[in-house]
Amino acid sequence: MIFRQLQAPLIEAEELLRTIDQPNRILLDVSPSGNKSGLTPGHPGRKIEGAIEVDLKTHFSKRDTDLPNMAPSAETFEEQLNLLGIDRSTDVVIYDNLGVYTAPRLWWLFRIMGYERVRVLNGGLDVWSELGGKMEARVGLATVGDVGTTQHLDKSQHAIWSRADIQSNLQSGEATVVDARSAGRFAGTAPEPRPGWPSGHIPQSVNLPFTTLLNKGKYLPAEVLKKKLSTVVPAARPLVFSCGSGLTACIVLLALALVWPDRELYLYDGSWVEWADPRGEGCPIATG
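Definitions and cut-offs
Residues numbered from 1 in each chain as written. Predicted model: local features only at pLDDT ≥ 70, side-chain atom pairs only at ≥ 80, totals over all residues. Heavy atoms only, no water. Pairing = 2+ DSSP bridges. Helix = DSSP H or I, 4+ residues; strand = E, 2+ residues; numbered from the N terminus. Salt bridge = Lys/Arg side-chain N within 4 Å of Asp/Glu carboxyl O. Buried < 20%, exposed > 50% of the residue type's maximum accessible area, 1.4 Å probe, protein only. Axes fitted to C-alpha atoms, helices over the stretch in contact; angles between N-to-C directions. Left-handed = near helix turned anticlockwise from the far one by under 90°. Contact = heavy atoms within 4.5 Å. Nonpolar A, V, L, I, M, F, W, Y, C, P; charged D, E, K, R; others polar.

Below, the discussion takes up the sheet that holds strand β10 (residues 206-207). Across the sheet, five strands lie side by side as β8-β14-β13-β9-β10; this open sheet has parallel pairing. If you trace the sheet from one side to the other, it starts and ends with β8 (160-161) and β10, each paired once. Summarising the sheet, strand β9 (residues 176-179) and β10 pair through two bridges and their orientation is parallel. Within β10, the residue paired with D179 across the bridge is N207.

The following block contains the structure:
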């Protein structure tokens, strides 16, 4: 999928502060209740004044699967947005309280569902607070939609690769898989946070830890990102992003969309939790 959009995918806190009262704007706080990256929120229990509290797993994930964070059907997604008062003319700003962590995942969902007017607050709640932006206490998650069993999106919708697609790619070499996990987990020298899951990586994939693209929770400047990305990703081939569970891969995907908006970018939604599942079909694992 090509992620070029009408607006840049990031909005800086200074701009949001100047335009906070813009008509038809909705702020979504997608701060997680916990994380597997060891990050600590600087302002627990707080949010931007007027923001709507949502949760990836509760509001925007497939429900009939054991895999975490899997994309919902378009029907489920639209139903949830209707409950939140969002349509395609709404100016949506997404942020979280860990700098940039969960917000890119929700941005990606909006984009693959065809929404253009959506941006991520660069630096999240911490940067907003540093500028003196108004905050208030969190009050609880927004209403959750229920439209029945969800169906997973597939590659035909130009967004998501499945495990079968990755397996086929091992033979065809059609695309490069970019793994956003830490270097130790990728190399197989550090343990996975999920007990029983081996570390290592999908054969032929490359490692680009999401933390190397951020500084204190903010994306690095675009020119710096370009240099870092150029040393890892090939110049022309499609890119498929993976991580532990399809979350931090979206941080790297957004960085690519920011500096190279015309690249073909996909997500392996099942990511390592599916590929390396010790109860699964024994997908090949490389180390080193």
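Having put the structure on the table, let's press on.
One pass over the structure, following the stated rule, counts 18 salt bridges. D269 is the partner of R105 in a salt bridge, and the nearest nitrogen-oxygen pair spans 2.8 Å. Of this pair, R105 sits in helix α4 (residues 103-112) while D269 sits in the loop between β14 (265-268) and α10 (271-275), placing them 164 residues apart in sequence. A relative accessible area of 1% means that R105 is categorised as buried. On the accessibility criterion, D269 (1% relative accessible area) is buried. We note a salt bridge from E192 to R185, for which the minimum N-O separation is 2.8 Å.

On to the packing of α4 against helix α9 (residues 249-259), then. The interhelical angle for the contact between α4 and α9, taken along N-to-C directions, is 65°, at an axis separation of 8 Å. Remark: the crossing between α4 and α9 carries left-handed chirality. From α4, P104, R105, W107 and W108 reach across to α9, where they touch C250, I251, L253, L254 and A257. Classifying every residue of the contact of α4 with α9 gives eight nonpolar, no polar and one charged.

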